[in-house]
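Examining the three-dimensional arrangement
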Amino acid sequence: MEPRVWHRSYDPGVPPAIAYEPLTLPDLLTRAAAQFPGAPALLFLNCRLTYREFQEQVDRLATALAVLGVKPGSRVAIQLPNIPQLPIAYYAALRLGAQPVLTNPLYVPREIEHQWTDAACSLAVVMDFIFETKIRAIRDRLPVEHYVVASIPEYLRFPLRPLARWKLGRLTPPMVARVAQGPGVHFFRELVGAADARPPHVTLDLDAVATLQYTGGTTGPSKGAMLTHRNLSCNVQQMRAWFPAIEPGKEVVLTALPIFHSFGMTVCMNLAVGTAAAMALVPNPRDVAAVMKAIATHRATIFPAVPAMYTAIVNHPRARSFDLSSVKRCVSGAAPLPVDILKRFEELTGAIICEGFGLSETSPVTHSNPLQGRRKPGSIGVPLPDTDAKIVDVEGEAGELAIRGPQVMRGYWNKPDETAAMIRDGWLYTGDLARVDDDGYHYIVGRKKDMILCSGFNVYPDEIDRTLAGHPAVLEAATIGIPDERRGETVKSFIVLKAGRQATAEEIAAFCRENLAPYKVPREIVFRTELPKSAALKILRRELRDQ
């Protein structure tokens, strides 16, 4: 069967749907600071930086980094949680034409060494406790010449700053550490305070690589996606056009998604800068009470999150004790959002959730349900403006989703074979299986590598997990295929029950038999207290298979 193509507009012979401004991300920051200098940009506990102050901090750090040898084409590792120093460092590196390499703060030394060596990072901005517990011992094996050490309390005001240092020092393990200054070791706030706000002028090429966005490594070794200035800027402008109700200078984005992840990087940080919105920073997305408190305290209006976060909020025993009514617009991605959770969250807050789709290699957003217009719960919506999507290798109604658009990466860093396998004739092959309805709305049914071949039938784990999530006692579910001599593979589901609820495997199986074809019903059901998740709260099926 020939593949069908939807929303075909990304073609050299067809005028674009958006009149893109030839602006880089630093240009967007400069414009935001000029148009809304007094608007809040970074909110973190009792820290409040306006866009004028944010721009000044970026320029001062850029000046300091240039003195340390950062120049166009340098790779700058940034290993920080969601604190003010992260967006400052990110935009300072971009300002110099350097390439930020955002790194998961939870990475162990082996993973840090792989990523920073692969990227040939010459400078790293790191947390004090990460430097002491993970990096110092492997420092002689890393290509990094200079370390800029940040600390969580250093941007807080009195009296919270000394109190936070005391409290964080008493945690197990401690979240602050005293780092001795020495050759190649510098302190973030001291660098910023000593530098002026006149960094070297660098002309940024829109088609030059802006950042190496490493994939999560959930299906193999992490690879660096080369995202250009044009990729990142176009994706911000696509989303800005897709969500016209956003009011520049007036929004507050709840920034709990890890910024090192592409979802958080673009939707929480870069879109915020592109619309002069405030980023209300939350370092730990697993701390549900802290997330809700930040929404209530900072009156967040936009809440990008993954399904696990929405699920945790609606099932939290104190959810109604927080005022979450300020939230108006939500974006959900990274995994399917159960329809029941969507409805319960919208009832709790009065907000509208738009499900979307993206991946690191596409900056990341490619699809979304419209905020204004028809939404289809359970779907990822339709392609963004100037984005083509097609379904290939069709078997029945589902096939692999391929993407073409201005947000698609240049390729993988130093991996031409992997690049050629993923990008063919201008189309990026996502590895995700999808179907499309008659209105052009796309539905992800699973990953190609996760598909279960059971007695000759294709079984998609996402469909089973969505069904299981509809059971009143089920909080979360993850389904995998395991070898079976007779059937080839058989279906096994791991389930976490809601607090205070009970169910047996037989009851769960009976529920599935009412809602699924017989060959899709799990033959094995295992109850867990929790499921393995990435730092971005995405369920890791590979770990379940390995176990």
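Coordinates for the structure precede this section.
Heads up: these notes are all about the structure in this document. (Residues numbered from 1 in each chain as written. Predicted model: local features only at pLDDT ≥ 70, side-chain atom pairs only at ≥ 80, totals over all residues. Heavy atoms only, no water.)

Now for the packing of helix α1 (residues 25-35) against helix α2 (residues 51-67). Where α1 meets α2, the axes come as close as 8 Å, and the angle between the chain directions of the two elements is 140 degrees. Between α1 and α2, the interaxial angle falls into the category oblique. For the pair α1 and α2, the crossing hand works out as left-handed. Of α2, the residues touching α1 (which contributes Leu29, Thr30, Ala32 and Ala33) are Tyr51, Arg52, Phe54, Gln55 and Val58. (Axes fitted to C-alpha atoms, helices over the stretch in contact; angles between N-to-C directions. Helix = DSSP H or I, 4+ residues; strand = E, 2+ residues; numbered from the N terminus. Parallel < 35°, antiparallel > 145°, perpendicular 65-115°, else oblique. Left-handed = near helix turned anticlockwise from the far one by under 90°. Contact = heavy atoms within 4.5 Å.)

The tally for this structure, following the rule as stated, stands at eight aromatic pairs. A ring pair is formed by Phe54 and Tyr91, whose centres lie 6.1 Å apart and whose planes are at 75 degrees; its orientation type is edge-to-face. In this pair, Phe54 sits in helix α2 while Tyr91 sits in helix α3 (residues 85-95), placing the two residues 37 residues apart along the sequence. On the basis of relative accessible area, Phe54 is assigned to the buried category, the value being 0%. A centroid spacing of 5.4 Å and a plane angle of 70 degrees characterise the contact between Phe303 and Tyr310, whose relative ring orientation is edge-to-face. Neither residue differs from the other here; Phe303 and Tyr310 are each classed as buried. Ring-pair connections join several aromatic residues into one group, and the members of that group are Tyr51, Phe54, Tyr90 and Tyr91. (Phe/Tyr/Trp six-rings, centres within 6.5 Å; stacked < 30°, edge-to-face > 60°. Buried < 20%, exposed > 50% of the residue type's maximum accessible area, 1.4 Å probe, protein only.)

Before going further, it helps to spend a moment on the nonpolar core. In terms of nonpolar packing, the biggest core is built from 161 residues, with Tyr51, Phe54, Tyr90, Trp116, Phe188, Leu254 and Phe303 touching the most fellow members. Tyr90 has contacts with Leu25, Ile78, Pro100, Leu102, Leu232, Met265, Met269 and Asn270, leaving out every residue within four places of it along the chain. (Core = buried A, V, L, I, M, F, W, Y, C linked by side-chain atoms within 4.5 Å.)

Bridge analysis of strand β2 (residues 40-44) against strand β3 (residues 47-50) gives four bridges, and the strand direction is antiparallel. Each bridged residue has a counterpart across the sheet, and for Pro40 the counterpart in β3 is Thr50. Remark: two residues form the turn of the hairpin made by β2 and β3, two consecutive strands paired antiparallel; Leu45 in that turn has positive phi of roughly 55 degrees. (Pairing = 2+ DSSP bridges.)

Another point: the sheet that holds strand β8 (residues 185-187). One open sheet accounts for five strands, arranged β5-β4-β6-β7-β8; its pairing is parallel. Every other strand in the sheet has two partners, leaving β5 (99-102) and β8 as the edge strands with one partner each. Here the strands of the sheet are splayed against their neighbours by 25 degrees on average, with no regard to which way each runs.

We now examine unusual backbone geometry. Following Phe158, the chain continues to Pro159 via a peptide bond in cis, the omega torsion being 5 degrees. Tracing the sequence through the fold places Pro159 in the loop between β7 (146-150) and α6 (160-169). Cis peptide bonds are those with omega within 30 degrees of zero, and the linkage from Thr172 to Pro173 qualifies with -5 degrees. Structurally, the position occupied by Pro173 is in the loop between α6 and β8. For Ser363, which is not glycine, the phi torsion reads 75 degrees and is therefore positive. Within the secondary structure, Ser363 sits in the loop between β15 (352-358) and β16 (365-368). Non-glycine residue Asp425 carries a positive phi angle of around 55 degrees. Tracing the sequence through the fold places Asp425 in the loop between β21 (423-424) and β22 (427-436). Residue classification places Asp425 among the exposed residues on the basis of a relative accessible area of 76%.

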